[in-house]
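# Survey of secondary and tertiary structure
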Amino acid sequence: MSFTIAIIGRPNVGKSTLFNRLVGQKLALVDDQPGVTRDRREGLGRLGDLEFTIIDTAGLDSGPRGSLTARMQEQTETAIAAADALMFVIDARAGLTPNDRAFADFARRANKPVLLLANKSEGKQGEAGIAESYALGLGDPIGISAEHGEGLGDLYDALRELMPDPIDDEADEDDPDGAEDFEDDPTRPIRVAVLGRPNAGKSTLINHLLGEERLLTSPEAGTTRDSIAVDVEWKGRKLRVFDTAGLRRRSRIDDKLEKLSVSDALRAVRFAEVVVLVVDAQNRFEEQDLRLADLVEREGRALVLAVNKWDLVERAPSAIGKLRETADHLLPQVRGAPVVAISGLMGEGIDRLIGAIEKAYATWNKRIPTSALNRWFEQATRNNPPPAVSGRRLKLNYVTQTKARPPSFVVFCSRADAVPQSYLRYLTNTLREAFDLPGTPVRITLREKANPFAHKAKRKS
């Protein structure tokens, strides 16, 4: 089992910057204003030859019971309970504050090894803060700069004493990354991004899948900031689910922190294989929902439409059928995308949602034999021949699938630039119907065949 370390401290001392430094990626949002981090985030940390699980936490702060601040501290307490050791971070330039002293007592009561890190200690400005931090009684402070990577050698020495000796793993040495095997493994988790407008119920849905209050939820919009990845197993099916910040229209985003959250959410979409677009049943298929669905299609990800808060609307016998008709009408580019009515709070429709995710993932990975493709292609061009352009007939020769994820095809023809977009849409729609590719993006590109007589024309000239 991996050695786990939780990074704790008051707000704005550089915990998320240190987390990003140790995982080697800019995963956690970082900004000058305090209180950016809300949900705890886990990652694989590396320092030299040491590997460990690192947990970034919200800044320790006090607040009334039941408030967002109090629930953020509960998340931090959960991380402390799960950790084998703590990194208590202070701001060496600001010096000790009353909150630092109070939370140092809090860390001591955890009865776990504590490394005292005096961050922002580059230059002479941090020397006084380092000397002052001895008063916390947490041992010798380690002066570091998470932003510039200074002091990591001293941090390595301190961690080396705390961590158990590494266990040699011959299998890992033979195949250190195992990336190809991982991609082909049918039992590996499906990467799922949960996307939607603010306050659509994304975090509530994921909490129900987990069976615990892992992610902060609130009636107020914009509670989620970071894109948090959690592992879910639902009736034997493993998922890697990414909770994302609610996405508003671009014209309404003027706050720097919200821009960072949006960028993090878009990165989660690009990393995902299936995107669950959560739509509020009380305000369904608004313009922003359609924009997000179009974004998913352009990124080439499988799409599942989850109409949430279904328990709050009146249900007619044909309501689901009308939802599907509306979705197909408004989103022709992903015609046939599964539409599932759910209630993340009550747990209604979750089994159907997981089934839709599995089916969308299988469709997204689908490969079609070339012989079957060309039988369809011949029939499609016979039923509706390509139009003549400038009095010259377009000749479409044959089609082949170049890749899956999403299904992508190449049509070889005589004049690729002359084929109208309307005819490409016709081919896409008939292909989707013929081979049962509902909802998944389908890519058809045109490629001209080489002219075997081109060299003869050059010789004559």
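Ranked by internal contacts, the top residues of the largest apolar core, which has 31 residues, are L195, V275, L277, L303, L305 and W310. Looking at this core, the elements that each hand over two or more residues are β7 (190-196), α9 (256-271), β10 (274-280), α10 (287-298), β11 (302-308), α11 (319-330) and β12 (339-341). When residues in this core are grouped by element, the largest group, four residues, is from α9. Here L303 is in contact with V275, L277, A293, V296, V334, A337, P338, A360 and G439, once residues within four sequence places are set aside. Membership of the second largest hydrophobic core comes to 30 residues, among which are L215, I228, V232 and I354.

Read across the open sheet, the six strands follow the order β8-β9-β7-β10-β11-β12; overall the sheet is mixed. The outermost strands of the open sheet, each flanked by one partner alone, are β8 (228-234) and β12. Averaged over neighbouring strand pairs, the angle between their axes works out to 30° when direction is ignored. Seen against the sheet, α9 touches β7, β9 (237-243) and β10 and runs at an angle of roughly 145° to β7. Running at roughly 175° to β10, α10 makes contact with β7, β10 and β11 of the sheet.

Of all six residues that make up strand β5 (residues 114-119), six are buried, and the element is covered over most of its length. Neither face of β5 is left uncovered, since the one carrying V114, L116 and A118 and the one carrying L115, L117 and N119 both have all their residues buried. Pairing between strand β4 (residues 85-91) and β5: six bridges, direction parallel. Following the sheet pairing, M87 is matched in β5 by L115. In this view, the connection linking β4 to its parallel neighbour β5 by way of helix α3 (residues 98-109) has right-handed handedness. Of the strand pairs in this sheet, β5 and strand β6 (residues 142-143) are connected by two bridges, and their pairing is parallel. Bridge pairing links L117 to I142 in β6.

This part covers the environment of R270. Of note, R270 is situated in helix α9. When the C-alpha positions of R270 and Q379 are compared, they lie 36 Å apart, and in sequence the two are 109 residues distant. If near-sequence neighbours (up to four positions away) are discounted, R270 is found in contact with E299 and R301.

For the rest of this paragraph, the subject is helix α12 (residues 350-364). In this model, α12 (15 residues) spans 21 Å end to end at C-alpha, consistent with the 21 Å of a helix rising 1.5 Å per residue. Every buried residue of α12 is listed here: I350, L353, I354, A356, I357, A360, Y361, T363 and W364.

Let us look at the environment of V232. Among the structural elements, V232 can be located in strand β8. Through-space distance from the C-alpha of V232 to that of G139 is 39 Å; in sequence the pair is 93 residues apart. Residues in contact with V232, not counting those within four places in the same chain, are L209, L210, R237, K238, L239 and V241.

With respect to the helices and strands, D100 occurs in helix α3. Not counting residues within four places of it along the chain, the set of residues in contact with D100 comprises R10, F88, I90, G95 and L136.

A few words on the packing of helix α13 (residues 370-383) against helix α14 (residues 421-434). With their axes 11 Å apart at the nearest point, α13 and α14 run at an angle of 130° to one another. For the element pair α13 / α14, the angle class is oblique. Handedness of the crossing formed by α13 with α14: right-handed. Contacts between α13 and α14 involve L373, W376, F377, A380, T381 and N383 from the former and Y423, Y426, L427, T430, L431 and A434 from the latter.

Cut-offs applied
Residues numbered from 1 in each chain as written. Predicted model: local features only at pLDDT ≥ 70, side-chain atom pairs only at ≥ 80, totals over all residues. Heavy atoms only, no water. Core = buried A, V, L, I, M, F, W, Y, C linked by side-chain atoms within 4.5 Å. Buried < 20%, exposed > 50% of the residue type's maximum accessible area, 1.4 Å probe, protein only. Helix = DSSP H or I, 4+ residues; strand = E, 2+ residues; numbered from the N terminus. Contact = heavy atoms within 4.5 Å. Pairing = 2+ DSSP bridges. Axes fitted to C-alpha atoms, helices over the stretch in contact; angles between N-to-C directions. Right-handed = clockwise from strand over helix to strand, strands pointing away. Expected span 1.5 Å × (residues − 1). Parallel < 35°, antiparallel > 145°, perpendicular 65-115°, else oblique. Left-handed = near helix turned anticlockwise from the far one by under 90°.

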